[in-house]
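Structural description and commentary
What follows is each chain in one-letter form.
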Amino acid sequence: MCTGNICRSPMGERLTRAHLDDALGASAAGISVTSAGTSAVVGREMEPSSAAVLAGLGGNPDGFHARQLTAGMAETADLILTMTRRHRRSVLKLAPRTMFRTYTLREAADLLDGVDVSGLPAGIDSRGTALVSALGGQRATRRRGDREQDDVFDPIGHHGSVHQDVGDMIVEALHPLLEALCADGAQSDVPGEGDTQWIVPPAFRVA
């Protein structure tokens, strides 16, 4: 989640989608990934420079349109990642009950360093829930100084190189989180012959 939902959060959304599709194959279809803005330019396509950066990083900007964040969107998400601390405060003001599943993107990546990823369950549904819980368990360990690096700055109105820097920053923080979620394909148990496998993973919202 960012401000206008045309630069940072669309990059996060579409990069997440690309990673999940590549790592999980057909199972990835059960994971919902969306983005929104606190003051969205509703209906707008991605800002061209950010769209170009996204494509260069392996994401697809086609068909994207900005959306406004609503309380309902926040309340139904299992994980909300924001681009700045100000955005996180906006989410919590709108949906206070999401406190323990709302982080800045860089905060979540930092907290992941203290998580024993090898101890997370294998199934994608339970693995996602356990990962969010583990991040929450690390929150109290952060020093105040660490929080100064939590924001991903807004590239709107800047040269394309700034959009590239932002895209690289998003990838750097997002990649380890997605690797932790999708480790070894994070597949559920293989069903027996004649069984129907329902994979209902949590809805991760890169907002």
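Before going into details, it helps to say that this report is about the structure given with it. (Residues numbered from 1 in each chain as written. Predicted model: local features only at pLDDT ≥ 70, side-chain atom pairs only at ≥ 80, totals over all residues. Heavy atoms only, no water.)

A short note on the overall build of the protein chain
Within the protein chain one finds seven helices and three strands. Going from the N terminus to the C terminus, the protein chain shows its helices and strands as α-α-α-β-α-β-α-α-α-β. By residue count, 47% of the 207 residues in the protein chain fall in the buried class. Long-range contacts, defined as pairs at least 24 residues apart, comprise 74% of the intrachain contacts of the protein chain with a sequence gap of at least 6. In the structure as shown, the protein chain presents an accessible area of about 10,000 Å², 51% of it carried by carbon and sulfur atoms. (Helix = DSSP H or I, 4+ residues; strand = E, 2+ residues; numbered from the N terminus. Buried < 20%, exposed > 50% of the residue type's maximum accessible area, 1.4 Å probe, protein only. Contact = heavy atoms within 4.5 Å. Areas by Shrake-Rupley, 256 points an atom, 1.4 Å probe, with all protein chains shown as cover.)

Focus on the environment of R147
Structurally, R147 is set in the loop between α6 (124-138) and α7 (160-182). Spatially, the C-alpha atom of R147 lies 9.0 Å from that of R106, the residues being 41 residues apart in sequence. Those residues within four positions of R147 in sequence are excluded, and the remaining contacts are R85 and R142.

Concerning the environment of L181
Its location among the elements puts L181 in helix α7. Sequence-wise, L181 and A122 are 59 residues apart; in three dimensions their C-alpha atoms are separated by 9.3 Å.

A closer look at helix α2 (residues 48-56)
S50, A51, V53 and L54 are the residues of α2 that are buried. Down the axis of α2, the smallest arc covering the buried residues is 160 degrees, so these residues share one side. Turned more than 90 degrees away from the buried face of α2, the exposed residues are P48, A52 and G56. Along its buried surface, α2 packs onto α1 (8-24) and α7. With a side-chain oxygen positioned 2.7 Å from the backbone nitrogen of S49, the residue opening α2 is E47. (Arc of directions from axis to C-beta. Polar contact = N/O pair within 3.5 Å; in protein donor to acceptor, adjacent residues only side chain to side chain.)

Any functional reading would require information beyond the geometric quantities listed.
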